[in-house]
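One-letter residues, chain by chain:
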Amino acid sequence: MNDEYLKSFIINALKEDVGDGDHSSQACIPSEAEGKVQLLVKEAGVLAGVEVAFDVFRHLQSDIEIHPILGDGTLVKPGDVAFTVKGKVLTLLKGERLVLNIMQRMSGIATQTREYVKLLEGTNTKILDTRKTTPGMRMLEKEAVKIGGGENHRMGLFDMVMLKDNHVDFAGGIEKAIKTTHQYLKTVGKDLKIEIEVRNMEELRQVLAVGGVDRIMLDNFDPQTTREAVKLIDGKYETESSGGITKETIRSYAECGVDYISVGALTHHIRSLDMSLKAI
């Protein structure tokens, strides 16, 4: 994970939460008081965000004592203790909510991702996330997907060309969209992979006639049409299924032979994993 991004995220998140001071703690806790807390897991799932939590505590107090017990990616159950931290009580209380917000959400994403990944066991299809993330938390949420066993799609608009339906329509069609994209990349000196979305078999045939892409996204295809599309593509390009795919239907798409299935729900429709930070 990008160190500069993480540092900036922690600074902004603490500014949002702490403002000009944690007055609840400062009002009743002596500044020199020291204490110890443990991260207690209260629900079964996949642990994620441990390393980020440590960065939060170290940002607040450089000499804080951290004792790791369980790492990112560990399958956890109620009662498990992920780590303990010893330091100034004001530090522990100041970082408590941010640490929990990060770990609960990242663990929820990792847990859900693991569920999707397990549904595809025995196939060659990989699970991808999307850009449907919480603003400001994208790198953390995509890291949680990786911890859960999934893979990252593009990080943003800058690291891959993805020609979706609106791009194609505004550009004047598939052929124009692809050709002008190549001209643009040559002009700006960028070497980016190109993915194009198709909405039906006719658009797929147009893409195959033009070529010049790396991956074809089959958007809102049903399993039968997906199978036909994969057969027509015949391994010439990477394939990705997307749109309305659920836990109940995902296996049927994987069995069509697509290389990837992107699932927006990995990051935008999740339930955080329950945990707490308790004094010991």
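Residues numbered from 1 in each chain as written. Predicted model: local features only at pLDDT ≥ 70, side-chain atom pairs only at ≥ 80, totals over all residues. Heavy atoms only, no water.

Draft legend 1. Seen up close, the nonpolar core. Leu39, Phe57, Phe83, Met103, Ile196 and Ile216 are the most contacted members of the largest nonpolar core, which totals 76 residues. The element that contributes the greatest number of residues to this core is helix α4 (residues 89–119), accounting for 10 residues. Not counting residues within four places of it along the chain, the set of residues in contact with Ile216 comprises Glu195, Ile196, Val198, Leu204, Val207, Leu208, Ile233, Tyr237, Glu238, Thr239 and Glu240. (Core = buried A, V, L, I, M, F, W, Y, C linked by side-chain atoms within 4.5 Å. Buried < 20%, exposed > 50% of the residue type's maximum accessible area, 1.4 Å probe, protein only. Helix = DSSP H or I, 4+ residues; strand = E, 2+ residues; numbered from the N terminus. Contact = heavy atoms within 4.5 Å.)

Draft legend 2. View of the pairing of strand β10 (residues 238–242). Burial analysis of β10 places 4 of its 5 residues in the buried class, the great majority of the element. In this sheet, β10 lies alongside strand β9 (residues 215–219) in parallel orientation, the contact comprising 5 bridges. Directly across from Met217, in β10, lies its bridge partner Glu240. In this region the chain leaves β9, passes through helix α9 (residues 223–233) and returns to the parallel neighbour β10; the handedness of that crossover is right-handed. In the sheet, β10 pairs with strand β11 (residues 260–262) via 2 bridges, with the strands oriented parallel. Each residue of the ladder has a partner; that of Ser241, found in β11, is Ile261. (Pairing = 2+ DSSP bridges. Right-handed = clockwise from strand over helix to strand, strands pointing away.)

Draft legend 3. Inspection of the sheet that holds strand β1 (residues 34–41) at higher detail. Pairing is antiparallel across the open sheet formed by 4 strands, whose spatial order is β3-β5-β1-β12. Strands with a single pairing partner mark the edges of an open sheet, and in this sheet they are β3 (65–68) and β12 (275–279). Each strand of the sheet is rotated relative to its neighbour by a mean of 15°, with strand direction disregarded. Relative to strand β5 (residues 81–88), β1 runs antiparallel, the two sharing 6 bridges. The partner of Gln38 across the bridge, within β5, is Thr84. On top of the sheet, helix α3 (residues 50–60) reaches β3, β5 and β12; it is set at about 5° to β5, its chief contact. Lying over the sheet, α4 contacts β1, β5 and β12, oriented at roughly 155° with respect to β5. (Axes fitted to C-alpha atoms, helices over the stretch in contact; angles between N-to-C directions.)

Draft legend 4. Representation of the sheet that holds strand β7 (residues 161–163) within the structure. A sheet is described by the order of its strands in space; here 6 strands give the open sequence β6-β11-β10-β9-β8-β7, paired in parallel fashion. The sheet is open, and its two borders are formed by β6 (126–128) and β7, each paired with just one other strand. Adjacent strand axes in the sheet meet at a mean angle of 25° when their direction is disregarded. As paired strands, β7 and strand β8 (residues 194–198) are joined by 3 bridges and run parallel to one another. Residue pairing for β8: Met162 is matched across the bridge by Glu195. Here α9 sits on the sheet in contact with β9 and β10, set at roughly 165° to β9.

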